Amino acid sequence: MKTKIITIINQKGGVGKTTTAINFAAGLARQMQDVLLIDLDGQANATQGLGITAQKIENTVYDVLMNDVDPADSIIPTESELLHIMPSDMHLNGAKVELVGVKERETVLKKITEKLCGSYRYIVIDSPPSLDLLTVNALTASNSALIPIQCEYYALEGLGQLMNTLRKVKKGLNPNLMIEGVVLTMHDRRTNLSYQVVDNIKKHFKGHVYSTIIPRNVRLAEAPSFGKTIYDYAPNSTGGKEYLKLTKEFLAKQ
């Protein structure tokens, strides 16, 4: 089984990055793909959003990165069949500093994911909302980057910095890194602004923008507080239907 590794990335907070990571990964699992979600964010929102409590966790991604724990010993099955997670906790925030002194510090995660290739069809990495050493590790380990962008006024702000990071990683660390695509999130059909932002982003990322657009949706916002994916919480909601549609659009391009 050939494994594809995808980092969900945007250094800007509040763009639906973790919501996309959870529901994209779970959507792939619903399409009968073996999926591992790696929570590489010290806020551990993806871990909590899948209902993984501290009692269920023996080892986290921090232990795998910094304490040489076997990655298989950190992976936990979720309530979604075929979806597993490598959980996170606040200790991961310290790894940003601790990795600085590590030899070949940008490739620590790559060596870990190489051990897992073949066990999963897709590995999805929820990166932190910053362009730090953890994010560079995620991009170095990945085949591609999936960029969620919210349909709001400042949507394109900071994207130059993100694209510059992607270029630098591609040039110096991972020549095979590609842009998987751009996912438009938090679209409000009631406002002209949302539609203007969509047009701007499509011009900016010609040919890279998914036609599926994720709407602002109360059910999407509620689902993580119940530790559920949108498919388990409200599958018939607009958010649930659109994330499933996004997953199918992605698979059709593979």
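To keep things clear, this report deals only with the structure shown in the data block.

Cut-off values and rules
Residues numbered from 1 in each chain as written. Predicted model: local features only at pLDDT ≥ 70, side-chain atom pairs only at ≥ 80, totals over all residues. Heavy atoms only, no water. Buried < 20%, exposed > 50% of the residue type's maximum accessible area, 1.4 Å probe, protein only. Helix = DSSP H or I, 4+ residues; strand = E, 2+ residues; numbered from the N terminus. Right-handed = clockwise from strand over helix to strand, strands pointing away. Pairing = 2+ DSSP bridges. Expected span 1.5 Å × (residues − 1). Arc of directions from axis to C-beta. Salt bridge = Lys/Arg side-chain N within 4 Å of Asp/Glu carboxyl O. Contact = heavy atoms within 4.5 Å. Core = buried A, V, L, I, M, F, W, Y, C linked by side-chain atoms within 4.5 Å. Axes fitted to C-alpha atoms, helices over the stretch in contact; angles between N-to-C directions.

1. What to know about the pairing of strand 7 (residues 178–187)
Burial of strand 7 is extensive: seven of the ten residues sit out of reach of the surface. Viewed along the sheet, the connection from strand 6 (residues 144–150) through helix 7 (residues 159–172) into strand 7 turns out right-handed. As paired elements, strand 7 and strand 8 (residues 209–215) share three bridges and run parallel to each other. Looking across to strand 8, one finds that His-187 is bridged to Pro-215. Tracing the backbone out of strand 7, into helix 8 (residues 192–204) and back to the parallel element strand 8 gives a crossover that is right-handed.

2. Overview of helix 8
Taking 1.5 Å of rise per residue, 13 residues should cover 18 Å, and helix 8 covers 19 Å from first to last C-alpha, within 8% of that figure. For helix 8, the complete set of buried residues consists of Ser-194, Val-197, Val-198 and Ile-201. Here the buried residues of helix 8 occupy an arc of 105° about the axis, which is enough to place them on one side. Looking at helix 8, the residues exposed on the side facing more than 90 degrees away from the buried face are Asn-192 and Lys-203.

3. Let's talk about helix 11 (residues 238–252)
End to end, helix 11 covers 21 Å across 15 residues, agreeing with the expected 21 Å (1.5 Å per residue, within 8%). Regarding helix 11, the residues found buried are Gly-239, Gly-240, Glu-242, Tyr-243, Leu-246, Thr-247, Glu-249 and Phe-250.

4. Concerning the pattern of salt bridges
Inspection of the entire model under this criterion finds eleven salt bridges. One salt bridge connects Arg-105 with Glu-106, and the closest N-O pair in it is separated by 3.7 Å. Overall, Arg-105 belongs to the partly exposed group, its relative accessible area being 32%. Glu-114 serves as the salt-bridge partner of Lys-110, at 3.2 Å between the closest nitrogen and oxygen. Separated by four residues within a single helix, Lys-110 and Glu-114 lie in helix 5 (residues 108–116), roughly one turn from each other.

5. Here's the deal with the side chain of Glu-249
Structurally, Glu-249 can be placed in helix 11. Residue Glu-249 is classed as buried on the basis of its relative accessible area, which comes to 15%. Excluding anything up to four places from it in sequence, Glu-249 contacts Tyr-210, Ser-211 and Thr-212.

6. Details of the environment of Ala-138
Residue position: Ala-138 is located in helix 6 (residues 133–141). Separated by 132 residues in sequence, Ala-138 and Ile-6 place their C-alpha atoms 8.6 Å apart. With residues up to four places along the chain from it excluded, the contact list for Ala-138 reads Thr-7, Leu-40, Leu-109 and Ile-125.

7. Overview of unusual backbone geometry
The bulk of non-glycine residues show a negative phi, and the bulk of peptide bonds are trans. Of note in the backbone geometry, Asp-68 takes a positive phi value of approximately 55° without being a glycine. Tracing the backbone shows Asp-68 in the loop between helix 3 (61–66) and strand 3 (76–77). For Met-186, which is not glycine, the phi torsion reads 55° and is therefore positive.

8. A look at the nonpolar core
The biggest cluster of nonpolar side chains holds 31 residues, and the ones touching the most others in it are Phe-24, Val-35, Leu-37, Leu-83 and Val-124. Elements with a minimum of two residues in this core: strand 1 (4–8), helix 1 (17–30), strand 2 (35–39), strand 4 (83–86), strand 5 (122–126), strand 8, helix 10 (230–233) and helix 11. Examining the composition of this core, we find that seven residues originate from one element, helix 1, more than from any other.

9. A look at the sheet that holds strand 2
Sheet strands pair by backbone hydrogen bonding; their relative direction is either parallel or antiparallel. Pairing in this open sheet of eight strands is mixed, and the strands run 3-4-2-5-1-6-7-8 from one edge to the other. Single-partner strands in this sheet number two, and they are strand 3 and strand 8. Pairing between strand 2 and strand 5: five bridges, direction parallel. Residue pairing in the sheet places Val-35 in a bridge with Tyr-122 of strand 5. Packing of helix 1 onto the sheet brings it into contact with strand 1, strand 2, strand 4, strand 5, strand 6 and strand 7, and relative to strand 5 it is tilted by some 165°.

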